[in-house]
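Below are the chains, spelled out letter by letter.
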Amino acid sequence: PTPGDPALAERDVVAYEDETWIMVRQGAATPRRVAKGTSPAVSADGTLVAYCPEKEGGVTVVDLTGKAKPRRFPATPEAVREIRFSPQGLTLAWRVDDRRVPGNPHDRIESVNLAAPDAQPAVVVPWLPIGTAFDGFGAGGKTLAFFVYEGEANQLRLVDAHGRALRQTPVSAFLDPTLDSSGDKYPPSPTSDTLLLAAS
């Protein structure tokens, strides 16, 4: 495609996985390695990157400006997926994939308040079906959206910051019913709780 405005590209910060490495590209600079891990996420202002470290598990948050030391938040088990920053970057949330529970494996969503220096993760939504996908925060960081795969009843659910259910909508309400299980990523708008991005 035709290149965009170079001035806009200079502000972009992207984190991605390259084999076992978390890579960060800031503007036109050469991409750099951060650490070995998975599931990277970048804060909206481009100053923080969060990821699940390869060996330790849990979530590590790195200040890309170098002004603060990395912060580590443990998770049990270590399998962390879909790390998301709130639009303001004050809250971080992720999905924990817990398949170790005998006879009842499940997922859960945890969050942590990054504004608190000694904050610890808290469970926001417990006991979700395996295969849940955490899609992110809604307007103002006050809501969380996640997709629950339940065969013919695939749903997008919206909860508040304390995990209280606000709304659940069958995915077939806004996608072709024959294609609604083709994806589980429905990112909510950071400015409106009535908008989300869907693709079939």
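The structure under discussion appears in the preceding block.
Remember, it's a predicted structure, so these values are computed and weren't measured experimentally.

Conventions we followed
- Residues numbered from 1 in each chain as written.
- Predicted model: local features only at pLDDT ≥ 70, side-chain atom pairs only at ≥ 80, totals over all residues.
- Heavy atoms only, no water.
- Pairing = 2+ DSSP bridges.
- Helix = DSSP H or I, 4+ residues; strand = E, 2+ residues; numbered from the N terminus.
- Salt bridge = Lys/Arg side-chain N within 4 Å of Asp/Glu carboxyl O.
- Buried < 20%, exposed > 50% of the residue type's maximum accessible area, 1.4 Å probe, protein only.
- Axes fitted to C-alpha atoms, helices over the stretch in contact; angles between N-to-C directions.
- Phe/Tyr/Trp six-rings, centres within 6.5 Å; stacked < 30°, edge-to-face > 60°.
- Lys NZ or Arg CZ within 6 Å of the ring centre and 35° of its normal.
- Lys, Arg positive; Asp, Glu negative; His and termini not counted.
- Polar contact = N/O pair within 3.5 Å; in protein donor to acceptor, adjacent residues only side chain to side chain.
- Contact = heavy atoms within 4.5 Å.

1. Some words on the pairing of strand S2 (residues 21-26)
Here strand S1 (residues 13-18) runs beside S2; their pairing, made up of 6 bridges, is antiparallel. Each residue of the ladder has a partner; that of Ala15, found in S2, is Val24. The hairpin turn running from S1 into S2, its antiparallel successor, is 2 residues long, and Glu19 in that turn takes a positive phi close to 55°. With 4 bridges joining them, S2 and strand S3 (residues 32-42) adopt antiparallel strand pairing.

2. As for the pattern of salt bridges
Applying the stated criterion across every chain yields a total of 4 salt bridges. Close ionic contact of Arg95 with Glu82 constitutes a salt bridge, the shortest N to O distance being 2.6 Å. Taken together, the positions of Arg95 in strand S8 (residues 91-98) and Glu82 in strand S7 (residues 80-85) put the pair 13 residues apart, joining distant regions of the chain. Summarising the burial analysis for this pair, Arg95 and Glu82 share the class buried. Here Asp107 and Arg95 are joined by a salt bridge, their closest N and O atoms 2.8 Å apart. Remark: Arg95 occurs in strand S8 and Asp107 occurs in strand S9 (residues 106-113); sequence separation between them is 12 residues. Grouping residues by exposure puts Asp107 and Arg95 together as buried. A cluster of three or more residues bridged by salt bridges with shared partners is formed by Glu82, Arg95 and Asp107.

3. Section: the sheet that holds S1
In spatial order, the strands read S1-S2-S3-S4-S5-S6; together these 6 strands make up an open sheet with antiparallel pairing. Edge positions in the sheet fall to S1 and strand S6 (71-73), since each of these pairs with one other strand and no more. Put simply, the sheet's adjacent strands are angled 50° from each other on average, direction ignored.

4. A short note on the packing of aromatic side chains
Under the counting rule described, the total for this entry stands at 3 aromatic pairs. When the centroid spacing of 6.2 Å and the interplanar angle of 75° are considered together, the rings of Phe134 and Phe137 count as edge-to-face. For the pair Phe134 and Phe137, one class covers both residues: buried. Geometrically, the ring pair formed by Phe147 and Tyr186 is tilted, given 5.6 Å between the ring centres and 40° between the ring planes. Of this pair, Phe147 sits in strand S12 (residues 143-148) while Tyr186 sits in the segment after strand S14 (165-170), and the two are 39 residues apart along the sequence. Taken individually, Phe147 and Tyr186 each receive the classification buried, so the pair is uniform in this respect. Across from the ring centre of Trp21, 4.3 Å away, lies the NZ or CZ of Arg33, which sits over that ring.

5. Focus: the side chain of Asp63
Position of Asp63 among the secondary structure elements: in strand S5 (residues 59-63). Buried within the structure, Asp63 lacks any salt-bridge partner; its nearest side chain of opposite charge belongs to Lys67, at an N-O separation of 7.1 Å. At 2.5 Å, the side chain of Asp63 forms a polar contact with the side chain of Thr65. Discounting residues that sit within four places of it in the chain, Asp63 has contacts with Thr47, Leu48 and Ala68.

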